[in-house]
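Structural description and commentary
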Amino acid sequence: MLTSKISKISKVIICGAKGVGKTAILEQLIYGNVTIESEIHSTIEDTYVASVDTGKGSRDTLRIFDTSGLQGNGQLPRHYLSYPDAFILVYDPSDPSSLDMLGGIKSDIDKFKDKKEVFVIVIANMRSRQTRSNGSSPVNSSHLQQQMLLSNDVIESNLTRANNWCARERIKHYTVNAMERASLYEPFVQLASRLYPPQTKGSFPQLRQLTQKTSKVDNS
């Protein structure tokens, strides 16, 4: 009788506030076809399958469920909380409210994870944003520079807050740009490596040696 090895497919939920770039991250990671001009529609629910090379000689499979973006005090639906093996929490560092939302999501994950080990990572999506100057006057240009400096201060402040929170929660924090595919590899490779740890030799070598000796005696 022919038998085939059934490989595990890890289930991953990607979630966060509306408009933080969850779908853009997945589309770029898997297909590499996202540009600043790409039109990405709001997601209701979708599924992606990623084959990840973690350097172990084989590729590991992640089934990633893309969820609808949350708004205001919205919570991740409870049916998403019990079955995944891992969660990817995404925020926009230029939007403090999208970071604040992750604390509630993480609390719900801890509450409903049903005593199993669930991996969680946090991704800051530094999305590229074009600023168009329509022949603006020096006064407008100066105002634009002030806005950019203020935005940079907000981003740095939120990245610092996120790093401190992730350190307290003991979860990994990654900074990516959905427009740059190479920046997306590390968090997904590291996540796959944790979900598919390398196979180790038996923990009881003495028992294995005893079994081998017994087998030799039986065959003599």
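Residues numbered from 1 in each chain as written. Predicted model: local features only at pLDDT ≥ 70, side-chain atom pairs only at ≥ 80, totals over all residues. Heavy atoms only, no water.

Considering the pattern of salt bridges
Summed over all chains, the structure comprises 4 salt bridges. Between Asp85 and Lys11 there is a salt bridge, with its nearest N and O atoms 4.0 Å apart. Here Lys11 lies in strand β1 (residues 9-16) and Asp85 lies in the loop between β3 (59-67) and β4 (86-91), a separation of 74 residues in the sequence. Here Asp85 falls in the buried class, since its relative accessible area comes to 15%. In this structure Lys11 comes out as partly exposed when scored by relative accessible area, which is 29%. Of the charged contacts in the structure, one is a salt bridge between Arg161 and Asp100, with a shortest N-O distance of 3.0 Å. Taken together, the positions of Arg161 in helix α3 (residues 138-169) and Asp100 in helix α2 (residues 96-112) put the pair 61 residues apart, joining distant regions of the chain. Bridged by salt links that share partners, the residues Lys106, Asp110 and Glu169 form one connected network. (Salt bridge = Lys/Arg side-chain N within 4 Å of Asp/Glu carboxyl O. Helix = DSSP H or I, 4+ residues; strand = E, 2+ residues; numbered from the N terminus. Buried < 20%, exposed > 50% of the residue type's maximum accessible area, 1.4 Å probe, protein only.)

Describing the confidence of the model for the protein chain
A residue-level look at the protein chain finds 76% of positions with pLDDT of 70 or above and a mean pLDDT of 82. Throughout residues 1-6 the model reports pLDDT below 50, and contacts reaching past four residues in sequence, or to other chains, amount to 0 contacts. Predicted confidence is poor over residues 128-137, with pLDDT under 50, and the contacts of this stretch with residues over four places away or in other chains come to 8 contacts. (pLDDT = per-residue confidence, 0-100. Contact = heavy atoms within 4.5 Å.)

Concerning the sheet that holds strand β6 (residues 172-176)
Taken together, 6 strands build an open sheet; the order of strands is β2-β3-β1-β4-β5-β6 and the sheet is mixed. The open sheet has two free edges, formed respectively by β2 (45-53) and β6, since each of these has just one partner strand. When strand polarity is set aside, the average angle formed by the axes of neighbouring strands in this sheet is 25 degrees. Strands in contact with α2 are β1, β4 and β5 (119-125); relative to β4, the strand with the most contacts, it is inclined by about 165 degrees. (Pairing = 2+ DSSP bridges. Axes fitted to C-alpha atoms, helices over the stretch in contact; angles between N-to-C directions.)

Looking at the pairing of β3
Bridge count between β1 and β3: 6 bridges; the pairing is parallel. Residue pairing across strands places Ile14 opposite Asp66, the latter belonging to β3. Pairing between β2 and β3: 9 bridges, direction antiparallel. Paired with Thr47 across the strands is Phe65, a residue of β3. Remark: 5 residues form the turn of the hairpin made by β2 and β3, two consecutive strands paired antiparallel; Gly55 in that turn has positive phi of roughly 85 degrees.

Examining the packing of aromatic side chains
This model, assessed by the stated rule, comprises 1 aromatic pair. Plain terms: the ring middles of Phe65 and Tyr83 are 5.6 Å apart, the flat faces sit at 85 degrees to each other, and that makes the pair edge-to-face. With Phe65 in strand β3 and Tyr83 in the loop between β3 and β4, this pair connects stretches of sequence that are 18 residues apart. According to the relative accessible area criterion, Tyr83 is partly exposed, its value standing at 28%. (Phe/Tyr/Trp six-rings, centres within 6.5 Å; stacked < 30°, edge-to-face > 60°.)

Here's the deal with the nonpolar core
Counting residues in hydrophobic clusters, the biggest one holds 54 residues, and the most contacted among them are Leu62, Ile64, Phe87, Ile88, Leu89, Ile105 and Ile123. Each residue touching Leu62, except ones within four places of it in the same chain, is listed here: Ser10, Val12, Tyr48, Val49, Ala50, Val52, Phe188, Ala192, Leu195 and Tyr196. (Core = buried A, V, L, I, M, F, W, Y, C linked by side-chain atoms within 4.5 Å.)

Quick word on the pairing of β1
With 6 of its 8 residues buried, β1 lies for the most part within the structure. In this structure, β1 lies alongside β4, joined through 5 bridges in parallel fashion. Looking across to β4, one finds that Ile13 is bridged to Phe87.

Concerning unusual backbone geometry
Even without a glycine there, the phi angle at Arg170 is positive, about 60 degrees. By the secondary structure assignment, Arg170 is in the loop between α3 and β6. On the basis of relative accessible area, Arg170 is assigned to the exposed category, the value being 78%.

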